[in-house]
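# Notes for the structure review
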Amino acid sequence: MAYWLSIVLGLAALVVGAELLVRGAKRLALGFGLSPVVIGLTLVAYGTSMPELSVSAQAALAGEGAIALANVTGSNIANLALIAGLVALVRPVKVEHVLLRRELPLLLGLGLVFSLLLLDANLARWEGLLLLGGGAAFTFWSLRGARGEGWERPQRQRLTPREWIVYPALVLIGIAGLWWGGGRLVDGAVALADRLGMSTRLIGLSIVAVGTSLPELATSLIAQLRGESDIALGNLVGSNIFNLTVVLGTASTLAPVGVEGGSSLWLDLGAVILAAVLLWPFASSKLTLERWEGCILLAAYAAYIYFSITLG
């Protein structure tokens, strides 16, 4: 039962750490006068993706490339199919036009590049550095876009001297919790895979991927319930871009990520691209993601999990 305790403690630390990180990062971002969409695409998305970064980096260092890769692909599919579908069921999601014009096409392009890099079922260090460079460029591009190009810019909120201490402290504590939780989750997932005779890929796609996506799920659902669709959808799109660039880039730079090829790999890569392809026209229709479209996304996610289990 030690592996179950490790998984539960890891998930708990991930959720608490992400909550602290997001709370501190969002408040600091408002202090700098950034728009809600930019906050969702960058600080909130990066904060909620810290579990993926922690898990994938530690899995790569442990020689578990299958978990590192499955964590990213599984999380990205869960973000755009499972979580976006659930958020749309709560309330139709209003979509920023600029998000359709810039970030969604970029996400689809990154999915194609990601697939090309994995043609040899391996991510080398130089490819990891290339992905990290892409993540840095996207961050700069988004923050620069916050100064114009159609983004709404709220009035800058003044923070007290005490808040300039408290909120950075929340960010640091959150990062520490995410890193510790990521280690526990990887250890427990590998032990569970051995115990059940399941492939590490399937464990990565299910327990690890959904577990590390809990911060995105909680953040987007809460944002949607509060009528902040820009943060809800921006968080998911930004998180996926962060996963494909910074998370995989960091993991493969620390240790080359090699995985088994075959039908299961191409199912995962195809699902990553298909999720973005489905979301784009849905979101473009009346600039709203409707409830029935959310149901289709959920059905697509269920079909993907079924075929993943079938392939082992």
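The preceding data block contains the structure.
First, a word on scope: everything that follows refers to the structure included in this document.

Parameters at a glance
Residues numbered from 1 in each chain as written. Predicted model: local features only at pLDDT ≥ 70, side-chain atom pairs only at ≥ 80, totals over all residues. Heavy atoms only, no water. Helix = DSSP H or I, 4+ residues; strand = E, 2+ residues; numbered from the N terminus. Rg over C-alpha atoms; globule rule 2.2 N^0.38 Å. Buried < 20%, exposed > 50% of the residue type's maximum accessible area, 1.4 Å probe, protein only. Contact = heavy atoms within 4.5 Å. Areas by Shrake-Rupley, 256 points an atom, 1.4 Å probe, with all protein chains shown as cover. Lys, Arg positive; Asp, Glu negative; His and termini not counted. Charge placed at Lys NZ, Arg CZ, Asp CG, Glu CD. Salt bridge = Lys/Arg side-chain N within 4 Å of Asp/Glu carboxyl O. Core = buried A, V, L, I, M, F, W, Y, C linked by side-chain atoms within 4.5 Å. Patch = residues over 30% accessible without salt bridge, like charges linked within 9 Å, V, L, I, M, F, W, Y side chains within 5 Å. Polar contact = N/O pair within 3.5 Å; in protein donor to acceptor, adjacent residues only side chain to side chain. Phe/Tyr/Trp six-rings, centres within 6.5 Å; stacked < 30°, edge-to-face > 60°.

Right, let's get into the overall build of the protein chain. Within the protein chain, the secondary structure is distributed over twelve helices and four strands. Taking 312 residues into account, the globule formula puts the C-alpha radius of gyration at 20 Å, and the protein chain, at 18 Å, falls close to it. Based on the C-alpha atoms only, the size of the protein chain along its principal axes is roughly 55 × 45 × 35 Å. Taking all 312 residues of the protein chain together, 55% fall into the buried category. Long-range pairs, those at least 24 residues apart, make up 88% of the contacts in the protein chain between residues at least 6 apart in sequence. As displayed, the protein chain has an accessible area near 13000 Å², and 68% of this comes from carbon and sulfur atoms. Considering the protein chain, the positive charge centre built from 20 side chains and the negative charge centre built from 19 side chains are found 10 Å apart.

Turning our eyes to something else, we now look at unusual backbone geometry. Within the chain, K286 stands out as a residue other than glycine whose phi angle is a positive 60°. Positive phi is not limited to glycine here, since L287 has a value of about 50°. With respect to the helices and strands, the residue L287 is situated in the loop between α11 (263–284) and β4 (288–289).

Take the pattern of salt bridges next. Under the defined criterion, the tally for this structure stands at two salt bridges. The salt bridge partner of E163 is R27, with a shortest N-O separation of 3.8 Å. Remark: R27 occurs in helix α1 (residues 2–31) and E163 occurs in helix α7 (residues 163–196); sequence separation between them is 136 residues. According to the relative accessible area criterion, E163 is buried, its value standing at 16%. R102 is the partner of E103 in a salt bridge, and the nearest nitrogen-oxygen pair spans 3.1 Å. The pair E103 / R102 is uniform in exposure class, with both members buried.

Quick look at the nonpolar core now. Ranked by size, the top nonpolar core spans 54 residues in total, and within it L69 and L289 carry the most contacts. Among the secondary structure elements, those contributing two or more residues to this core are α2 (36–48), α3 (50–61), α4 (65–90), α5 (97–117), α6 (125–145), α10 (229–254) and α11. Here L289 is in contact with A84, A88, P92, V93, V95, L279, F282 and L297, once residues within four sequence places are set aside. Core analysis: the second largest hydrophobic core is formed by 23 residues, I67, V171, L185 and V186 among them.

Before going further, it helps to examine a nonpolar patch on the surface. On the surface, L5, L9 and W180 cluster together into a nonpolar patch covering about 310 Å² of accessible area. Tracing the backbone shows W180 in helix α7.

Moving on: the side chain of S252. Inspection of the secondary structure assignment puts S252 in helix α10. A relative accessible area of 0% means that S252 is categorised as buried. Within the structure, S252 has its side chain in polar contact with the backbone oxygen of G249 (distance 3.5 Å). Leave out the neighbours within four places in its chain, and S252 touches L123, A124, R125, G128 and V257.

Examined against the element boundaries, S49 turns out to sit in the loop between α2 and α3. Apart from the residues within four sequence positions on either side, S49 is in contact with E216, S239, F242, N243 and V247.

Another aspect to go through is the packing of aromatic side chains. The relative placement of two aromatic rings is captured by the distance of their centres and the angle of their planes. This model, assessed by the stated rule, comprises five aromatic pairs. Between F138 and W141 the ring centres are 6.5 Å apart and the planes differ by 70°, which places this aromatic pair in the edge-to-face class. In this pair, F138 and W141 are both assigned in helix α6, three residues apart and thus about one turn of the helix distant. Given the relative accessible area of 4%, F138 is considered buried. Assessed through its relative accessible area of 32%, W141 is described here as partly exposed. Consider the rings of Y301 and Y304, whose centres lie 6.5 Å apart with planes at 45°: the pair is tilted. Residue Y301 and its partner Y304 are both found in helix α12 (residues 291–311); the two are separated by three residues, about one turn of the helix. Exposure remark for Y301: the relative accessible area of 9% places this residue in the buried category.

Okay, the environment of W179 next. Relative to the helices and strands, W179 resides in helix α7. Here W179 falls in the partly exposed class, since its relative accessible area comes to 45%. Here the alpha-carbon distance between W179 and L214, two residues 35 residues apart in the chain, equals 15 Å. Those residues in contact with W179 that sit more than four places away from it in its chain are S54, A57 and Q58.

The quantities given are spatial measurements derived from coordinates; they are silent on function.
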